[in-house]
Amino acid sequence: MSQDSPMIERHHHITLCTGGAQEDYDFHTKVLALKSVKKTALYDGVAPIYHLYYGNDIGQESTLVTTFPMRQTGRKGRRGNGQITVLTLSVPVSALGFWKKRLTGFGFAVREAERFGEKTLQFQHPCGIDYELAGISDDSRQPYSKGQVSPELAIRGTHGITVSVRDLEASEEFMNGAWSGRRLASDGKLVRYVVGDGGTGKIVDFALEPGLPPATWTFGEGIVHHCAFQVASFDVQDAVKAQLEGLGFTDTSERKDRGYFDSMYVRTPAGAMFEATVSKPQGFLIDEKFEDLGTKFQVPPVFQSRAKEIIEFLEPLQY
Ligand SMILES: [Fe+2]
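Residues numbered from 1 in each chain as written. Predicted model: local features only at pLDDT ≥ 70, side-chain atom pairs only at ≥ 80, totals over all residues. Heavy atoms only, no water.

**Some words on the environment of threonine 216**
Okay, step 1: Looking at where threonine 216 falls in the secondary structure, it is placed in the loop between β12 (203-208) and β13 (223-230).
Okay, step 2: Sequence separation between threonine 216 and glutamate 173 is 43 residues; the distance between their C-alpha atoms is 23 Å.
Okay, step 3: Once you skip the residues sitting within four places of it in the chain, threonine 216 turns out to touch Gly77, Arg78, Gln83 and Ile223. (Helix = DSSP H or I, 4+ residues; strand = E, 2+ residues; numbered from the N terminus. Contact = heavy atoms within 4.5 Å.)

Now the structure itself:
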């Protein structure tokens, strides 16, 4: 076997279990001014759940935040240790003042902070999940060009995730051995890893918080569900899975067709779920034209025969 070592390139998407669908939609499209790239549903075998995708004009990898609004199910999640606890998004450093004013104007409590020398604004999704905007001066990703915030000030995409851990050693073994990670620095209780060629959209911070109670793993309101990372091809995805299993990280999934990309999941030793993801060549254009992206609810092809039932079941969403 003479393949290149499996390479995790950057974030692909981060997926959250949020509260009400309307609240989530308004937060991401009106407050954060992201584009609604796709509106579809997950069907977990019992009942359908919205799956909403937000990002830039085409839903490029590492600009994507996706959500399962859970309120309709009544299931609550518990945030805590063994899970991703903070989603940090990238904005131009010159836009931090604008964003502080904007978020405050929408009624959010905003705290100025700093991590690894980067200035951040901390606030919370209406369902309680911790968000941050980090001021980044050299992010070349294209933001949503027609959002409610002008492109010079708009969110560029993900910057980093924070994983709350009981101990660092197991997560460092995972990042070094299986997730092509490089340790960059530490800052108080935080250790920063980067994947790919490093930089924004490629960061995983581990927060040593042994005192926090363990988080839930089920779909439940108020938690981050997983973070997906882009890999180049099925060959790389297979190699990542083989590398994981060879090291003893056997809690991996088969490749799953998610309509717009193909996913392989792994439960990391900290407990947080990561995903290695291969984008389909057509991406989000597979079922909608560019001009129509995100404008209509898309019933996943396997559930076409139950489309009416699914649409009637889901809570109404104004957009
Ligand atoms: Fe995912």
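Moving on from the coordinates now.
**What to know about the pairing of β12**
Okay, step 1: When you tally the buried positions in β12, you get 5 out of 6 residues, the bulk of the element.
Okay, step 2: Of the strand pairs in this sheet, strand β9 (residues 157-165) and β12 are connected by 6 bridges, and their pairing is parallel. Bridging from a neighbouring strand, isoleucine 161 pairs with valine 204 of β12.
Okay, step 3: Pairing geometry for strand β11 (residues 190-194) and β12, over 5 bridges, is antiparallel. Across the sheet, leucine 190 pairs through a bridge with alanine 207, a residue of β12. (Buried < 20%, exposed > 50% of the residue type's maximum accessible area, 1.4 Å probe, protein only. Pairing = 2+ DSSP bridges.)

**Let's talk about the nonpolar core**
The nonpolar side chains of a soluble globular protein tend to be buried with one another.
Okay, step 1: If you look at the biggest cluster of nonpolar residues, it comprises 68 residues, and the most contacted ones within it are Leu32, Trp99, Tyr131, Val163, Trp179 and Phe274.
Okay, step 2: If near-sequence neighbours (up to four positions away) are discounted, leucine 32 is found in contact with Phe27, Leu89, Trp99, Leu103, Phe123, Tyr131 and Ile155.
Okay, step 3: Within the second largest apolar cluster, 7 residues are counted, among which are Leu64, Tyr260, Phe261 and Leu293. (Core = buried A, V, L, I, M, F, W, Y, C linked by side-chain atoms within 4.5 Å.)

**What to know about the pairing of strand β8 (residues 130-136)**
Okay, step 1: Counting buried residues along β8, 6 of its 7 residues qualify, which places the element largely inside the surrounding structure.
Okay, step 2: The pairing of strand β5 (residues 83-92) with β8 spans 7 bridges and is parallel. Across the sheet, residue threonine 88 finds its bridge partner in β8, namely glutamate 132.
Okay, step 3: With 5 bridges connecting them, strand β7 (residues 118-124) and β8 associate as antiparallel partners.

**Considering unusual backbone geometry**
Okay, step 1: You will see that phenylalanine 116, though not glycine, has its phi angle at about 50°, which is positive.
Okay, step 2: Of note, phenylalanine 116 is situated in the loop between β6 (111-115) and β7.
Okay, step 3: Phi at serine 180 is positive, roughly 40°, even though this residue is not glycine.

**A look at the layout of surface pockets**
Okay, step 1: Volume-wise, the largest pocket comes out at about 690 Å³.
Okay, step 2: Contributing to the lining of the largest pocket are 34 residues, with Leu42, Asp257, Arg258, Gly259 and Tyr265 lying nearest its centre.
Okay, step 3: Counting residues per element, the ones that place at least two in the lining of the largest pocket are β1 (10-18), β2 (35-43), β3 (48-55), β13, β14 (256-257), β15 (261-267) and β16 (273-279).
Okay, step 4: Per-class residue counts for the lining of the largest pocket are 17 nonpolar, 10 polar and 7 charged.
Okay, step 5: Elements with a minimum of two residues in the lining of the second largest pocket: β5, β6, β7 and β8. (1 Å grid on protein atoms, 1.4 Å probe; cavity = no way out; pocket = protein on both sides within 12 Å on 5 of 7 lines; lining within 4 Å. Points joined across faces, edges and corners; volume = space filled by probe spheres on them. Nonpolar A, V, L, I, M, F, W, Y, C, P; charged D, E, K, R; others polar.)

**As for the coordination of the iron ion**
Between any two of four tetrahedral donors, the ideal angle at the metal is 109.5 degrees; between two of six octahedral donors, it is 90 or 180 degrees.
Okay, step 1: Within the protein, the iron ion binds to His13 (NE2), His226 (NE2) and Glu275 (OE); these donor distances fall in the range 2.0 to 2.1 Å.
Okay, step 2: Of note, the donors binding the iron ion are all from one chain and are spaced H-x212-H-x48-E. Of the two residues, histidine 226 is situated in strand β13 and glutamate 275 in strand β16; the sequence distance between them amounts to 49 residues. (Donors = N, O, S within 2.8 Å, 3.2 Å for Na, K, Ca; no water.)

**What about the sheet that holds β9?**
Okay, step 1: The strand order β6-β7-β8-β5-β9-β12-β11-β10 describes an open sheet built from 8 strands, whose pairing is mixed. In this open sheet, the two edge strands, each paired with only one partner strand, are β6 and β10 (182-187). Across the sheet, the axes of successive neighbouring strands diverge by a mean angle of 30°, strand direction being ignored.
Okay, step 2: Here β6 pairs with β7 via 5 bridges, running antiparallel. Within the sheet, the bridge partner assigned to arginine 115 lies in β7 and is glutamate 118. (Axes fitted to C-alpha atoms, helices over the stretch in contact; angles between N-to-C directions.)

**Let's talk about helix α1 (residues 21-31)**
Okay, step 1: Here α1 has its buried residues at Ala21, Asp24, Tyr25, Phe27, His28, Thr29 and Val31.
Okay, step 2: Two residues or fewer past α1, alanine 33 is found with a positive phi of approximately 60°.

Keep in mind these values describe shape, not function.
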